[in-house]
Amino acid sequence: MTARTLFDRVWDAHVVRALADGVSLLYVDLHLVHEVTSPQAFAGLRHAGRKVRRPERTLATVDHNVPTSERTLPIADPVAARQVDALSTNAREFGIELFDLASPGQGIVHVIGPELGATQPGMLIVCGDSHTSTHGAFGAFALGIGTSEVEHVLATQCIVLSKPRNLEARISGSLEPGVGAKDLILALIGKIGTAGATGHVIEYTGDAIRALSMEERMTVCNMSIEAGARAGMIAPDEVTFAYLGGRPRAPQGAAWTAALERWRTFRSDPNARYDAQVQLDASRVGPQVTWGTTPGMVADIKARVPDPAQLATENEREAALRALEYMGLKPGTPLEGIPIDRVFLGSCTNARIEDLRAAANIVRGRHVASRVRAMVVPGSQRVKAQAEQEGLDRVFRDAGFEWRNAGCSMCLGMNPDVLGAGERCAATSNRNFEGRQGRGGRTHLMSPVMAAAAAIEGHLVDVRAW
Amino acid sequence: MVKPFVRHRGKVAALPRRDVDTDQIIPKQFLKGVERTGFGSGLFFDWRADPGFELNQPAAQGATILVTGANFGCGSSREHAVWALAEYGFRAIIAPSFADIFLANCFRNGVLPVKLAANEVAMVTQRAQDAGYEVVVDLEQQVVSDDRGFTARFSADAYGRELLLRGLDEIGRTLLEEPSITAYERSHP
Ligand code: SF4
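Quick rundown of the confidence of the model for chain B? Include the residues and the values.
Low-pLDDT stretches of the model should not have their predicted coordinates read in fine detail. Of all residues in chain B, 99% attain a pLDDT of 70 or more, and the chain-wide mean is 95. Across the assembled chains, the prediction reports ipTM 0.95 with pTM 0.97.

Structure representation (structure tokens):
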């Protein structure tokens, strides 16, 4: 038997049939659905008179365009409301479980899958959303797909894929206090670039990864797509199993014991070969902040805004020039000290309970700078309830943060939470693209503790000095 | 049903930028629809507000082939990006590289992504500055050529190529695998 990687094992376990030319038909264990990328898929099924093959392997929620304000009021935006209504009609008609706005289980699709224990090691998981890579933190092969593929999975419970290549990102050493998973993944993207892992599945290995909690592992895998990867994966271990034990959709009793035995097989052989490898020393990573309009335009908080003229290629120079113009930044400006107007603590990258706890520790007993408007948008209603039970909502509110209901919110600004033109935001989300958080808005990505500290100071700041 | 693509001759518009993400191709305010149509007017919406934007130039009008920079279509999985490009009139996109999900979405919507070497992309981009410049994209032969002696070979994803050449109904095709799917389900309860 040739040595196999974690990804090889999960792939092999899902091949229904090898089609021609390295392309396979693969079985999907879990299909997550949300309101924005699914209406056309359901319409397609209806038009062709097709059914959902395995409704019980499909879970739906509303997250992308839902308001995060008061839930008892109807949705003010009629177009958004139509999309939310369409999902509930579709879920009912096709027999799919839906966590709607009134549900205590509602939340960002990549937060609720793990929280329910529906996301499990060795699974093949798809969703019409690029950050599906998040679920790879459990040793699942989890990938984002387009709406046509959503329709295909609904109808057939299968997906057709060419096998991606496999890249090992070995992260050694241990993190300094104040530096976390978000800094690791941003530093890695800065190193390999936004297309550094295109066509590959990244497996994160090494001591620094083993030392991370499940929530931190999700942050890392979440942003795999920002390096261009098809998916990110981390082999399951005791940390994974401890997280899953007792969750509502996790196996129980004898089934749990059997599952553990199977899950333990999902790992890479010591002599397994990867198509590519990169290394990163965690002990040399400081808090990261982005200065440009792609997640790869990132630097240590102690650095300065780079000078485009110093960059290696014409392409990079042009891109950096454009980015700095959009961001309203001058080369050579120290990153620390850049004033901000808004703070967004949220998104599928960093709005789990640990993220909120870490940020609350920073803001406790302090107050948001007078020029700053800051908001916390928990990743799910369960995260919100848990935080409230721990009194974190009070900590944030007392510090001057708005405390919202769950959703994607200002990560993509489809709902009323948006940046105004020229407004500068410290955000814990994953994309700093032009206009992502609102037309003309300027986004700096960073960790929850860095964003919390920036809220208090009113400018970008090195949280290690706190 | 995918709109078949075998061979297409068309005018070229150049957008020489790298990392063009799907948030730029179709901004979020256009994602609220529940139909597959109506996205063409949202294509590059924010950028089109700038009169200097490449696609606003007279020479770019009527183009059906877009030549652009590396990592085109990165970011969000929104298929709306391809719907918008197709509805605007683009049938093929030439770039040094594409993001994976975008690539998969193209093949399912009759739009051909053509990966060429950086110097070949640079050549097409440069020639596209001349009004009326056209190229022929031939998926059967996997060749891009123009009337001035430019020819470049490309290699399309084998499955995607078949989908496009034959205009296949992918779901219909997979449903023919029913016995294999059922057998898989039986052995993996
Ligand atoms: S939080 Fe942001 S990145 Fe995550 S699923 Fe929602 S919109 Fe996408």
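Still more ground to cover, so stick around.
Run through the environment of D417(A), naming residues and quoting values.
Residues and elements named next belong to chain A. When you line up the elements, D417 lands in the loop between β17 (401–403) and β18 (424–427). Taking C-alpha positions, D417 is 25 Å from G296, a pair spaced 121 residues apart along the chain. In contact with D417, other than residues within four places in its own chain, are T68, M375, R404, S409 and M410. In this structure the side chain of D417 is engaged in a polar contact, spanning 2.7 Å, whose partner is the side chain of S409.

Go over the state of the cysteines with me, naming the residues and quoting the values.
All names here are of chain B. Applying the stated criterion to the full structure yields zero disulfides over all chains. Not engaged in a disulfide, the cysteine C106 finds its nearest cysteine sulfur in C74; these two sulfurs lie 13 Å apart. Residue class for C106 comes out buried when judged on its relative accessible area of 0%.

I'd like a rundown of the pairing of strand β10 (residues 200–205) of chain A, residues and numbers included.
All names here are of chain A. Counting buried positions over the six residues of β10 gives six, a clear majority of the element. Side-chain alternation along β10 places H200, I202 and Y204 on one buried face and V201, E203 and T205 on a second face that is also buried. Handedness of the crossover joining strand β9 (residues 165–172) and β10 through helix α6 (residues 181–192) is recorded here as right-handed. Examined bridge by bridge, β10 and strand β11 (residues 231–233) share three bridges and lie parallel to one another. For V201, the partnering residue across the bridge sits in β11 and is A231.

Tell me what's going on with the interface of chain A and chain B, and back it up with residues and numbers.
Contacts between the two partners involve 66 residues from chain A and, on the opposite side, 53 residues from chain B. Buried surface at the junction of chain A and chain B, both sides included, amounts to about 4,700 Å², of which 53% is carbon and sulfur. It is Q40(A), R53(A) and R439(A) in chain A that bury the most area against chain B; as a group they hold 13% of the surface buried on that side. Counting across the chain A and chain B interface gives 31 residue pairs in polar contact (both at pLDDT 80 or more). When contributions to the side of chain A that touches chain B are tallied by element, the ones reaching two or more residues are β1 (15–18), β2 (23–27), α2 (39–48), α3 (78–94), α5 (147–156), β8 (158–162) and α11 (314–327) of chain A. With seven residues, the single largest contributor to the side of chain A that touches chain B is α5(A). Here the residues of the side of chain A that touches chain B sort into 23 nonpolar, 25 polar and 18 charged.

Pulling in residues and values, what's your account of the packing of aromatic side chains?
In this structure the tally under the stated criterion is 19 aromatic pairs over all chains. The interplanar angle of 25° and the centroid separation of 5.4 Å between the aromatic rings of Y88(B) and F90(B) together place this pair among those described as stacked. Sitting above the plane of the Y243(A) ring, R247(A) keeps its charged end 3.8 Å from the centroid. Looking at R17(B), its charged tip hangs above the ring of W47(B), at a distance of 4.2 Å from the centre.

So what's going on with the sheet that holds β1(A)? Residues and values would help.
Residue and element names in this part refer to chain A. Strand order across the open sheet formed by three strands is β1-β2-β8, with antiparallel pairing between neighbours. One side of each edge strand has no neighbouring strand; the edge strands of this open sheet are β1 and β8. Averaged over all neighbouring strand pairs, the angle between strand axes comes to 25°, with direction disregarded. Pairing of β1 with β2 involves three bridges; the strand directions are antiparallel. Each bridged residue has a counterpart across the sheet, and for V15 the counterpart in β2 is L26.

Which residues make up the nonpolar core, and what are the values?
Of all hydrophobic cores here, the largest spans 126 residues; its most connected members are F396(A), F401(A), F44(B), F72(B) and F102(B). Ranked by residue count, the leading element in this core is helix α15 (residues 448–457) of chain A, at eight residues. Here F102(B) is in contact with T22(B), I25(B), F72(B), G73(B), A81(B), V82(B), L85(B) and I93(B), once residues within four sequence places are set aside. Counting residues in each nonpolar core, the second largest holds 42 residues, with I171(A), V179(A), V220(A) and Y243(A) among its members.

Quick notes on the rules
Residues numbered from 1 in each chain as written. Chains lettered and ligands numbered in written order. Predicted model: local features only at pLDDT ≥ 70, side-chain atom pairs only at ≥ 80, totals over all residues. Heavy atoms only, no water. pLDDT = per-residue confidence, 0-100. Helix = DSSP H or I, 4+ residues; strand = E, 2+ residues; numbered from the N terminus. Contact = heavy atoms within 4.5 Å. Polar contact = N/O pair within 3.5 Å; in protein donor to acceptor, adjacent residues only side chain to side chain. Disulfide = S-S within 2.5 Å. Buried < 20%, exposed > 50% of the residue type's maximum accessible area, 1.4 Å probe, protein only. Right-handed = clockwise from strand over helix to strand, strands pointing away. Pairing = 2+ DSSP bridges. Buried area = accessible area lost by both parts, 1.4 Å probe. Nonpolar A, V, L, I, M, F, W, Y, C, P; charged D, E, K, R; others polar. Phe/Tyr/Trp six-rings, centres within 6.5 Å; stacked < 30°, edge-to-face > 60°. Lys NZ or Arg CZ within 6 Å of the ring centre and 35° of its normal. Axes fitted to C-alpha atoms, helices over the stretch in contact; angles between N-to-C directions. Core = buried A, V, L, I, M, F, W, Y, C linked by side-chain atoms within 4.5 Å.

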